[in-house]
Amino acid sequence: MTQDFARLVRLRDDLKSWALDHAFPLWWEVGADQAKGGFFEKIDLDGTPVEAPRRARVQPRQIYSYAAAGLLGWEGPWKQALTHGLDFYLSKYRRPDGFIRTLVASDGTPLDDKVDLYDQAFGLFGLAMAAQVLPERTDLPALAVELRGKLQATLKHPVAGFEESVPRTLPLLSNPHMHLFEASLAWVEAGGDAGWRALADEIAELALAKFIDPVSGGLREYYDGDWNPAPGLQGRIIEPGHQFEWAWLLLRWGQLADRDDAVAAALRMIEIGDGPGVDPARGVAIFALLDDMSVHDDVARLWAQTERIKAGVLAAAVTGDPRWWSTAAAGAEGLIKYFDTPVKGLWRDKLQADGTFVDEAAPASSFYHIVCAILELDRAVSARS
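Residues numbered from 1 in each chain as written. Predicted model: local features only at pLDDT ≥ 70, side-chain atom pairs only at ≥ 80, totals over all residues. Heavy atoms only, no water.

Q: Just to check I follow, could you spell out the overall build of the chain for this structure?
A: Looking only at helices and strands, the chain features twelve helices and 15 strands. The buried share among the 385 residues of the chain stands at 58%. Considering only intrachain contacts with a sequence separation of at least 6, the fraction spanning at least 24 residues in the chain is 65%. Element-wise, carbon and sulfur atoms account for 51% of the exposed surface of the chain, whose accessible area totals about 14,100 Å². Each charge sign in the chain was given a centre, from 39 positive and 55 negative side chains, and these centres are 1 Å apart. (Helix = DSSP H or I, 4+ residues; strand = E, 2+ residues; numbered from the N terminus. Buried < 20%, exposed > 50% of the residue type's maximum accessible area, 1.4 Å probe, protein only. Contact = heavy atoms within 4.5 Å. Areas by Shrake-Rupley, 256 points an atom, 1.4 Å probe, with all protein chains shown as cover. Lys, Arg positive; Asp, Glu negative; His and termini not counted. Charge placed at Lys NZ, Arg CZ, Asp CG, Glu CD.)

And the structure:
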């Protein structure tokens, strides 16, 4: 056992205890709206929920988190929490045409009926995880296939991938495709139909052909209508957190499809995220670089640290190279810094260049990132123990 792996085992234990003993209970007892349904968007650092309109992208993240809670061994009412979120989500966010609306009030009243690609992707992802742990819910695979068909009929891009919305809005984005890729792989693992593998293949090929800069190996964020980098500075932006997140997905797909080129591209993205993408003074991954690897935005968001963990543990497992355990351990050490809050089970979101955190409520949207990282870390450690 290497020193890095031994360090990672200790970090896994700390993170898992934090989640099981503090975070899962808090985000169910306080973060779930027991009166109106669904989950609150935020919890203040004093431990009180924040009342606000509820985005479609947050509810399936909480559904995922409590599905994963059961897999991690939380002895609390994970299934009740999961179905609490699922019932609210399916009853309040599904439009009559099968698409997911963007925003509702706390009582479920529609506030924004826009069809946003990112929101559809998270809907598919949340349904996949729910279906994995609730096999009796035979309605969930059918709902997901219906939504996938709607996307392909309405938002399909003429070359590959999808438009952001109808009518078209620019720039086109790689980020929603990343989450569609994640959802597709989750449905493949859940035993979904062949259409999920086909969608995963299409998005992986689009990433390898268009999203990844052939010069730097970094994956860009913004594109014109033909999948060329968006004009100006916008088209040069590379987010370290997304290098890790895409790498984690391409490593999974590369194994599934037996594609060494995908594995090589993923490892290069991890090198970018772990190199110029990390501020050595704070020990954390920052928000954005430009394609020459210069710093574009030095704020360090919590979610980028979780993706560093996931990329590191899977790279180590796929390649057998122990140096990637160091990447994962550094990500875990960075993540734990965000958990220094007055109420255990909450987190900070933005670490500034001067080493101080922005004083703000803990966003529920981060929970999925944290839980997924802990689950991947736990699986990797257990597989080697």
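The discussion continues.
Q: Looking at this model, I keep getting lost on the side chain of Q62. Mind explaining?
A: Summarising the element assignment, Q62 is placed in helix α2 (residues 58–72). Those residues in contact with Q62 that sit more than four places away from it in its chain are W27, F39, A364 and F367.

Q: Help me understand helix α4 (residues 117–133) in this model?
A: One turn of the α-helix equals 3.6 residues, which is why residues spaced by three or four share an orientation. Compared with the 24 Å implied by 1.5 Å per residue over 17 residues, the 25 Å span of α4 between its first and last C-alpha is a close match. Extensive coverage of α4 is indicated by the burial of 16 of its 17 residues. A distance of 3.0 Å separates the backbone nitrogen of Y118 from a side-chain oxygen at the start of α4, and that oxygen is part of D116. (Expected span 1.5 Å × (residues − 1). Polar contact = N/O pair within 3.5 Å; in protein donor to acceptor, adjacent residues only side chain to side chain.)

Q: Explain the packing of aromatic side chains here, please?
A: Two numbers describe a pair of aromatic rings. These are the distance of the centres and the angle of the planes. Enumeration over the complete set of coordinates arrives at 27 aromatic pairs. Sitting above the plane of the W248 ring, R252 keeps its charged end 4.5 Å from the centroid. The ring of F5 has R384 lying over it, and the distance from NZ or CZ to the ring centre is 4.6 Å. (Phe/Tyr/Trp six-rings, centres within 6.5 Å; stacked < 30°, edge-to-face > 60°. Lys NZ or Arg CZ within 6 Å of the ring centre and 35° of its normal.)

Q: So what exactly am I meant to see when it comes to unusual backbone geometry here?
A: P167 follows V166 through a cis peptide bond whose omega is 0°. Positionally, P167 belongs in the loop between α5 (139–154) and β6 (172–173). The residue after L170, namely P171, is reached through a cis peptide bond having omega 5°. Among the structural elements, P171 can be located in the loop between α5 and β6.

Q: Mind showing me how you'd approach the packing of helix α1 (residues 3–29) against helix α11 (residues 323–337) here?
A: Each pair of packed helices can be summarised by the angle the axes make with each other and by the distance between the axes. Across the interface, α1 lies against α11 with an axial gap of 9 Å and an inter-helix angle of 35°. The hand of the α1/α11 crossing is left-handed. Residues D4, F5, R7, L8, L11, D14 and L15 of α1 lie in contact with α11, whose contacting residues are W325, S326, A328, A329, A330, A332, E333, L335 and I336. Looking at the contact of α1 with α11, its residues break down into eleven nonpolar, one polar and four charged. (Axes fitted to C-alpha atoms, helices over the stretch in contact; angles between N-to-C directions. Left-handed = near helix turned anticlockwise from the far one by under 90°. Nonpolar A, V, L, I, M, F, W, Y, C, P; charged D, E, K, R; others polar.)

Q: Quick question: what am I supposed to make of the sheet that holds strand β1 (residues 42–43) here?
A: Think of a sheet as strands paired side by side through backbone hydrogen bonds, with each pair either parallel or antiparallel. Read from one edge to the other, the open sheet built from three strands follows the order β2-β1-β15, with strand pairing classed as antiparallel. Either end of the sheet is taken by a strand with one partner, and the two such strands are β2 (49–50) and β15 (362–363). (Pairing = 2+ DSSP bridges.)

Q: Which parts of the structure should I look at to understand the environment of M178?
A: Looking at where M178 falls in the secondary structure, it is placed in helix α6 (residues 175–189). Taking the C-alpha atoms as reference points, M178 and T109, separated by 69 residues in sequence, lie 29 Å from one another.

Q: Even after reading the chapter, I still don't get the side chain of H179, so can you show me in this structure?
A: Inspection of the secondary structure puts H179 in helix α6. Residues within four places of H179 in sequence aside, it is in contact with Y118, A121, F122, E245 and Y368.

Q: Which parts of the structure should I look at to understand the sheet that holds strand β12 (residues 295–297)?
A: Strand order in the open sheet formed by three strands is β8-β11-β12, and the pairing between neighbours is antiparallel. The sheet terminates laterally at β8 (237–238) and β12, the two strands that pair on one side only. Here β8 runs beside strand β11 (residues 288–290); their pairing, made up of two bridges, is antiparallel. Bridged to I237 within β11 is L290.

Q: Just to check I follow, could you spell out the pattern of salt bridges for this structure?
A: Side chains that differ in sign of charge can pair as their charged atoms come close. This structure, assessed with the given rule, holds 37 salt bridges. A salt bridge links R12 to D13, with the shortest nitrogen-to-oxygen separation between them at 2.8 Å. The exposure class assigned to D13 is partly exposed, which follows from its relative accessible area of 36%. Across the salt bridge formed by D193 and R148, the nearest N and O atoms sit 2.7 Å from each other. Here D193 is found in the loop between α6 and α7 (194–211), whereas its partner R148 is found in helix α5, with 45 residues between them in sequence. The class for R148 is buried, based on a relative accessible area of 9%. (Salt bridge = Lys/Arg side-chain N within 4 Å of Asp/Glu carboxyl O.)

Q: For this particular structure, what's the right way to read the nonpolar core?
A: Most often, soluble globular proteins keep nonpolar side chains buried together rather than apart. W27, Y66 and F181 are the most contacted members of the largest nonpolar core, which totals 131 residues. In this structure F181 touches A200, I203, A204, W246, L249, L250 and W253, once residues within four positions along its chain are discounted. Counting residues in each nonpolar core, the second largest holds five residues, with I238, I272, I286 and M293 among its members. (Core = buried A, V, L, I, M, F, W, Y, C linked by side-chain atoms within 4.5 Å.)

Q: Help me understand α6, please; the structure alone is not making it clear to me.
A: In a regular helix each residue adds 1.5 Å, so 15 residues correspond to 21 Å; α6 covers 21 Å between its end C-alpha atoms and thus fits that length. Judged by how many residues are buried, α6 sits mostly within the fold: 13 of 15 residues are covered. Positive phi appears at G191, one or two residues downstream of α6, with a value of about 85°.

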